[in-house]
Amino acid sequence: GAVVSQHPSWVICKSGTSVKIECRSLDFQATTMFWYRQFPKQSLMLMATSNEGSKATYEQGVEKDKFLINHASLTLSTLTVTSAHPEDSSFYICSARHLGPEQYFGPGTRLTVT
Amino acid sequence: AQKITQTQPGMFVQEKEAVTLDCTYDTSDPSYGLFWYKQPSSGEMIFLIYQGSYDQQNATEGRYSLNFQKARKSANLVISASQLGDSAMYFCAMREAVTTDSWGKLQFGAGTQVVVTP
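Since we're looking at a predicted model, the values are computed, not measured. (Residues numbered from 1 in each chain as written. Chains lettered and ligands numbered in written order. Predicted model: local features only at pLDDT ≥ 70, side-chain atom pairs only at ≥ 80, totals over all residues. Heavy atoms only, no water.)

1. Topic: the overall build of chain A
Part 1: Counting its regular elements, chain A contains zero helices and eleven strands.
Part 2: Start at the N end of chain A and walk to the C end: the helices and strands fall as β-β-β-β-β-β-β-β-β-β-β.
Part 3: In summary, chain A has a C-alpha radius of gyration of 13 Å against a globular reference of 13 Å for 114 residues, a match within 12%.
Part 4: Principal axes of the C-alpha set define a box for chain A whose edges measure 40 × 25 × 20 Å.
Part 5: Split into buried and exposed, the 114 residues of chain A put 49% on the buried side.
Part 6: The long-range share in chain A, meaning contacts at least 24 apart out of those at least 6 apart in sequence, stands at 54%.
Part 7: Across chain A, the centroid of the 10 positively charged side chains sits 5 Å from that of the 9 negatively charged ones. (Helix = DSSP H or I, 4+ residues; strand = E, 2+ residues; numbered from the N terminus. Rg over C-alpha atoms; globule rule 2.2 N^0.38 Å. Buried < 20%, exposed > 50% of the residue type's maximum accessible area, 1.4 Å probe, protein only. Contact = heavy atoms within 4.5 Å. Lys, Arg positive; Asp, Glu negative; His and termini not counted. Charge placed at Lys NZ, Arg CZ, Asp CG, Glu CD.)

The structure is reproduced here in structure tokens:
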């Protein structure tokens, strides 16, 4: 149990366009979902926390107008990178938790902006 | 301020040997949890082991054990009988008490790259 999926697994887009990444909890209801970004050879950096039906809480330094997060249901959260630029190229990972301490991670989405 | 410190950027270990990955943390919250995750080159984050701050015994999961020294604020991961498939990046993470500000978010260390050699 406790499976989290992400779609797409990789995406290439042109500079200036927007791209949406989906995160789904497949077999449990996620009260909270988290979005991370990871650059090569670096650790995971938390971008934002989202709770179903409420606005996302962004970490300091993360532009909320650039990284739009929507948590429309207890099983789906989306991250939209708006007006993407090459510096946004990264590995984006979501995680989800229900009531316990564990966070279950998705497989990640590799974004390349050309 | 860095709350999770992993001082070993990389380690080589021979197959079948044990390896200890260091992790120290900093918190004033009496209720917290410590996690270890494995990240192979594919990128997925694989949960290995969890230790709660109030747990009396060290956590164990198969070949993984967590050496929890609360007074020293350390939570080292021990992998026994290393296998070639253990080659990966290993992250230590901490979750402080769930509040409406933190929502149980994890803070990660910088990671340790482990390479298991035949």
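2. Notes on the state of the cysteines
What makes a disulfide is a covalent bond joining the sulfur atoms belonging to two cysteines.
Residues and elements named next belong to chain A.
Part 1: One pass over the structure, following the stated rule, counts two disulfides over all chains.
Part 2: Between the sulfur atoms of Cys23 and its disulfide partner Cys94 the distance amounts to 2.0 Å. Disulfide Cys23-Cys94: torsion about the S-S bond near 80°, hence right-handed. Of the two residues, Cys23 sits in strand β3 (residues 19-25) while Cys94 sits in strand β9 (residues 90-97), which places them 71 residues apart along the sequence. Take Cys23 and Cys94: they sit in the same class, and that class is buried.
Part 3: This cysteine, Cys13, is not joined by any disulfide, and Cys94 carries the nearest cysteine sulfur, 18 Å off.
Part 4: The exposure class assigned to Cys13 is buried, which follows from its relative accessible area of 9%. (Disulfide = S-S within 2.5 Å.)

3. Considering the packing of aromatic side chains
Part 1: Per the stated rule, a full pass over the model turns up 13 aromatic pairs over all chains.
Part 2: With a centroid separation of 5.7 Å and an interplanar angle of 40°, the aromatic rings of A:Tyr36 and A:Phe105 are classed as tilted. With A:Tyr36 in strand β4 (residues 32-38) and A:Phe105 in strand β10 (residues 104-105), this residue pair connects regions lying 69 residues apart in the sequence. Note on accessibility: A:Tyr36 and A:Phe105 belong to one class, buried.
Part 3: Plain terms: the ring middles of B:Phe35 and B:Tyr50 are 4.8 Å apart, the flat faces sit at 50° to each other, and that makes the pair tilted. You can see B:Phe35 sitting in strand β5 (residues 32-39) and its partner B:Tyr50 sitting in strand β6 (residues 46-52), a full 15 residues away along the chain.
Part 4: One aromatic cluster in this structure is built from A:Tyr36, A:Phe105, B:Phe35, B:Tyr37, B:Phe47, B:Tyr50, B:Phe91 and B:Phe108.
Part 5: If you follow B:Arg63 out to its NZ or CZ, it ends over the ring of B:Tyr64, 5.7 Å from the centre. (Phe/Tyr/Trp six-rings, centres within 6.5 Å; stacked < 30°, edge-to-face > 60°. Lys NZ or Arg CZ within 6 Å of the ring centre and 35° of its normal.)

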